Amino acid sequence: MFADALLAGLDLFLTPQSMLLTVLGVVFGLVIGALPGLGPLMGIVLMLPFAVSLPPVAAMGFLIAIAVGGSCGGSVSAILLRIPGTPLAAATLFDGYPMAQKGRAADAIGIAISASALGGLFGGVVLILTAPLLASFASNFAPPEYTMLALTGLIAIAVVSEGSLLKGLITGAIGLLIATIGTDEFSTGYRFTFGIFDMLNGFHIVAIVVGIFAISEMASQVMGGGLNEKPDVKAVRPGFRTVWMTLKHWKNLLRSSTIGAAFGALPGVGGTISSFSAYAVAKALSKPEEGYGAGAEGGVVATESANNATVGGALVPTLALGIPGEAATAVLIGAMLILGFFPGPALFANQPDIAGGVFLVYLFSNVALLFVGILATPVFVWVLKLKKSYLIPVVLLLCAVGTFALQSSVFDLRVMLGFGLLGILLRGAGYPLAPLVIGVILGPLLENNLRRSLLISREGYWIFLDRPVSATLVVINLLLIGGATFVTMRSLRRRRQAPLVARTNDAGR
Amino acid sequence: MNITPRQVEWLVIALLVGLVALVFQQAATDMAAQGIAPGGPYDNAAAYPKTVAVVLGLLIAAQAAVQLFGAAPPQDEDGGVPLRKLVRPAALIFIFGLYLGTLPLLGYHVATPLMLGALMVLCGLRRPLAIALPALLVSFGAAYVFEAWLKIVLPGGLFHLNMVW
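Not measured: the values here are computed from a predicted model.

### Describing the overall build of chain B
Phase 1 of the analysis: A count of helices and strands for chain B gives six helices and two strands.
Phase 2 of the analysis: Mapped in sequence order, the helices and strands of chain B form the string β-α-α-α-β-α-α-α.
Phase 3 of the analysis: What you see for chain B is a C-alpha radius of gyration of 24 Å, clearly larger than the 15 Å of a compact globule of 165 residues, by over 25%.
Phase 4 of the analysis: Expressed as lengths along the three principal axes of its C-alpha atoms, the size of chain B is roughly 60 × 50 × 25 Å.
Phase 5 of the analysis: Evaluated residue by residue, chain B yields a buried proportion of 42% over its 165 residues.
Phase 6 of the analysis: For chain B, restricting intrachain contacts to residue pairs at least 6 apart in sequence, the fraction spanning at least 24 positions comes to 62%.
Phase 7 of the analysis: Summed over its atoms, the accessible surface of chain B is roughly 8,600 Å², and 73% of this surface lies on carbon and sulfur atoms.
Phase 8 of the analysis: Averaging the locations of the 8 positively and 7 negatively charged side chains of chain B gives two centres separated by 16 Å.

### Some thoughts on the overall build of chain A
Phase 1 of the analysis: Each helix and strand counted, chain A has 22 helices and two strands in total.
Phase 2 of the analysis: Computed over its C-alpha atoms, the radius of gyration of chain A comes to 23 Å, within 12% of the 23 Å expected for a compact globule of 509 residues.
Phase 3 of the analysis: Projected onto its principal axes, the C-alpha positions of chain A cover 75 × 70 × 45 Å.
Phase 4 of the analysis: The buried share of chain A, reckoned over its 509 residues, is 61%.
Phase 5 of the analysis: By sequence separation, contacts in chain A at least 24 residues apart represent 79% of the contacts at least 6 residues apart.
Phase 6 of the analysis: Put simply, chain A shows about 19,000 Å² of open surface, and 66% of that area lies on carbon and sulfur atoms.

### Some words on the interface of chain B and chain A
Phase 1 of the analysis: Contacts between chain B and chain A engage 71 residues on the former and 62 residues on the latter.
Phase 2 of the analysis: Here chain B meets chain A over a buried area of about 5,600 Å², counting both sides, of which 80% is carbon and sulfur.
Phase 3 of the analysis: Inspection of the region where chain B meets chain A yields one salt bridge.
Phase 4 of the analysis: Inspection of the chain B/chain A interface yields seven residue pairs in polar contact (both at pLDDT 80 or more).

### Structural notes on the side chain of N477(A)
Phase 1 of the analysis: Looking at the secondary structure, you find N477(A) in helix α22 (residues 468-508).
Phase 2 of the analysis: Taking the relative accessible area as the measure of exposure, N477(A) reaches 5% and is therefore buried.

### With respect to the domain arrangement of chain B
Phase 1 of the analysis: Per the domain assignment, the segments making up chain B are domain 1 (2-79) and domain 2 (84-149).
Phase 2 of the analysis: With centres defined by C-alpha atoms, the gap from domain 1 of chain B to domain 2 of chain B works out at 36 Å.

### Concerning the packing of aromatic side chains
All names here are of chain A.
Phase 1 of the analysis: Inspection of the entire model under this criterion finds 15 aromatic pairs over all chains.
Phase 2 of the analysis: Ring centres of F141 and Y146 lie 5.9 Å apart, and the angle between their planes is 75°; on these two criteria the pair is classed as edge-to-face.
Phase 3 of the analysis: Exposure remark for F141: the relative accessible area of 14% places this residue in the buried category.
Phase 4 of the analysis: Residue classification places Y146 among the buried positions, given a relative accessible area of 14%.
Phase 5 of the analysis: With a centroid separation of 5.6 Å and 80° between ring planes, the pair formed by F203 and F419 is classed as edge-to-face. Of this pair, F203 sits in the loop between β2 (190-191) and α9 (205-224) while F419 sits in helix α19 (residues 410-428), placing them 216 residues apart in sequence.

### So, the state of the cysteines
Phase 1 of the analysis: Per the counting criterion, the structure on display carries zero disulfides over all chains.
Phase 2 of the analysis: With no disulfide partner, C399(A) has as its closest neighbouring cysteine sulfur the one in C123(B), 14 Å distant.
Phase 3 of the analysis: Taking the relative accessible area as the measure of exposure, C399(A) reaches 1% and is therefore buried.
Phase 4 of the analysis: Look at C123(B) and you get buried, because its relative accessible area is 2%.

### With respect to unusual backbone geometry
Residues and elements named next belong to chain A.
Phase 1 of the analysis: Positive phi, normally seen in glycine, also occurs at T188, with a value near 55°.
Phase 2 of the analysis: In this structure, F194 takes a positive phi of about 55° despite not being glycine.
Phase 3 of the analysis: Following the sequence through the fold, F194 ends up in the loop between β2 and α9.
Phase 4 of the analysis: The partly exposed category is assigned to F194, whose relative accessible area is 42%.

### Some words on a nonpolar patch on the surface
Phase 1 of the analysis: On the surface, F240(A), V367(A), F371(A) and L375(A) cluster together into a nonpolar patch covering about 360 Å² of accessible area.
Phase 2 of the analysis: Mapped onto the elements of the fold, L375(A) is located in helix α16 (residues 352-375).

### Section: the environment of G69(A)
All names here are of chain A.
Phase 1 of the analysis: If you trace the backbone, G69 turns up in helix α4 (residues 56-81).
Phase 2 of the analysis: Judged by its relative accessible area of 0%, G69 is buried.
Phase 3 of the analysis: With 397 residues separating them along the chain, G69 and D466 place their C-alpha atoms 45 Å apart.
Phase 4 of the analysis: If we ignore the near neighbours within four places in the chain, the residues touching G69 are V26, G29, L30 and L369.

### Some words on the pattern of salt bridges
Residue and element names in this part refer to chain A.
Phase 1 of the analysis: All chains considered together, the criterion is met by eleven salt bridges over all chains.
Phase 2 of the analysis: Across the salt bridge formed by E447 and R451, the nearest N and O atoms sit 2.8 Å from each other. With a gap of four residues between them, E447 and R451 both fall in helix α20 (residues 434-456), about one helical turn apart.
Phase 3 of the analysis: Residue E447 is classed as buried on the basis of its relative accessible area, which comes to 4%.
Phase 4 of the analysis: Each member of the salt-bridge network shares a partner with another, and the members are R104, D107, R241 and E297.

### Considerations on the packing of helix α12 (residues 270-284) of chain A against helix α13 (residues 297-321) of chain A
All names here are of chain A.
Phase 1 of the analysis: Two numbers describe how α12 lies on α13: the axes approach to 8 Å, and their chain directions differ by 145°. In this structure, α12 meets α13 at a crossing whose hand is right-handed. For the pair α12 and α13, the contacting residues are G270, G271, S274, S275, A278, Y279 and A282 in the first and G299, A302, T303, A306, N307 and T310 in the second.
Phase 2 of the analysis: Partitioning the contact of α12 with α13 into residue classes produces five nonpolar, eight polar and no charged.

Criteria and cut-off values
Residues numbered from 1 in each chain as written. Chains lettered and ligands numbered in written order. Predicted model: local features only at pLDDT ≥ 70, side-chain atom pairs only at ≥ 80, totals over all residues. Heavy atoms only, no water. Helix = DSSP H or I, 4+ residues; strand = E, 2+ residues; numbered from the N terminus. Rg over C-alpha atoms; globule rule 2.2 N^0.38 Å. Buried < 20%, exposed > 50% of the residue type's maximum accessible area, 1.4 Å probe, protein only. Contact = heavy atoms within 4.5 Å. Areas by Shrake-Rupley, 256 points an atom, 1.4 Å probe, with all protein chains shown as cover. Lys, Arg positive; Asp, Glu negative; His and termini not counted. Charge placed at Lys NZ, Arg CZ, Asp CG, Glu CD. Buried area = accessible area lost by both parts, 1.4 Å probe. Salt bridge = Lys/Arg side-chain N within 4 Å of Asp/Glu carboxyl O. Polar contact = N/O pair within 3.5 Å; in protein donor to acceptor, adjacent residues only side chain to side chain. Domains from an automatic or database assignment. Phe/Tyr/Trp six-rings, centres within 6.5 Å; stacked < 30°, edge-to-face > 60°. Disulfide = S-S within 2.5 Å. Patch = residues over 30% accessible without salt bridge, like charges linked within 9 Å, V, L, I, M, F, W, Y side chains within 5 Å. Axes fitted to C-alpha atoms, helices over the stretch in contact; angles between N-to-C directions. Left-handed = near helix turned anticlockwise from the far one by under 90°. Nonpolar A, V, L, I, M, F, W, Y, C, P; charged D, E, K, R; others polar.

Dropping the structure here:
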């Protein structure tokens, strides 16, 4: 089963275009990951308009390689500047920065890159072994299972998103409503189009994603200040001996990669949680003389291998079920849909060459990361000196031209700006943005399968409890909401009591 | 004058209440007129958005209750963000919006260097050469990638300014 998919994808993968774009994707990912405030999601969002004009496997190779490079790139600024380029690398600075302070910056970066590549390859093996099995299991799913699965994906992401559960669910529901704009697939009636011709097909997913993430991020960066700061970083040149230094921690590497891949497959968990968890486990199992927190190589190995293995794990539900695990994979699903193939069991049954091609580009992107990352580190270090005052205008230009290029449509530009404003407002009020995009992606899947379920059901909504898998998912959804509500209520009660305790203490002094 | 996160939260709540109202208004008017509001799961295209709107309404009510009776967000205790701190992001959005609005009229090759230059000035760059040179280079570089490589015709504007690469 696994070998069949890989062999089928070999023809699509072994083209100069696919391989070159995968390497370019890794380079771009490393650059954008190294720049504080940006990250793999922003990289994928900015390059999405370019990618959708490419052949499917080359396009997916380019975008997945950006995710792979971006997940590792954040470690460069974490190690050299004590500023993680992305939240994924936040745990890397615990030991990476002390290593740099001890004059071992090149070793720290080399180990980070090697651990990322090896962790990513482990995630790739997990992806290749589990995705076809999961797809085969899901091939028996009917509309009720898909309805509940889409709900599980959305609820899990809303629950785990930063901010409150309520706010995550609200942005998820907004996403579901946005997905209903346009022509209804069943009745062919028009919904929320207001007589505007451009709205008959709804809003383009790229315009939404670019607006909500990139435009609002740039506004946030401008507000943050430090636009003309130029950090003083010295050139570093890691060598391939850091691969052996990483392999000396093979137990840690395997354990952390397993944590990363397993967490990645769970909706909403993502690389940040997996890297912190892997670091915590590695530290708990370490000997005192290893000096975790004071420049231990094992600390860098744990966090970096975990966050890159997460990418492979996150691709499992994305490819096998069509359910995104987090915002970046939601955007990847959006790209797949634009490219004309539908992730899920049908992909493995009908287009095994595409599935196999995606597996191979993912593996190759990690191999490329090892070589390109170590050889081109001086370039990524130089990138850290770029001023935001140049970066912000360039990013906004890429947003505008990239979105326009999709359909040569000025309407898409207006949509992008509108979602940018919405993103700024929601960010300002502490609402997470990822559930909105996931709601937009999962909306059609949820609505179509819900209506199909009701069409085939003789007992209305009871159909969701009549089928074992669907009923299990209903229970999981209720547990997720119940558990998150309990945690939210408890933290609200604590927050309300905190000022009271403070006032009582002040009065006692 | 400061703006607090709680005030922004209320602004979002007001916007969302409007969104829920809009769903019901559209279902009762436009969708009903098209004949896609009543019927079973196949014909009734209004039932699903109305269900989502009901769920959204309940979530909004719960969020409003949290805002009314819960503790204030930590930033509120610091007095929030001064309005003058919002001038720069507002100007960024204004310049970008103006660029998008004038792009079909002025064309890519006129509007883009102007937008890039204006944003660089907004970000604090002052040396004319440090603004003009990157603005022109980035603008032409992006045009080359899109027009020559990706074969996308960028807006020529009223003057029909398009490069022949």
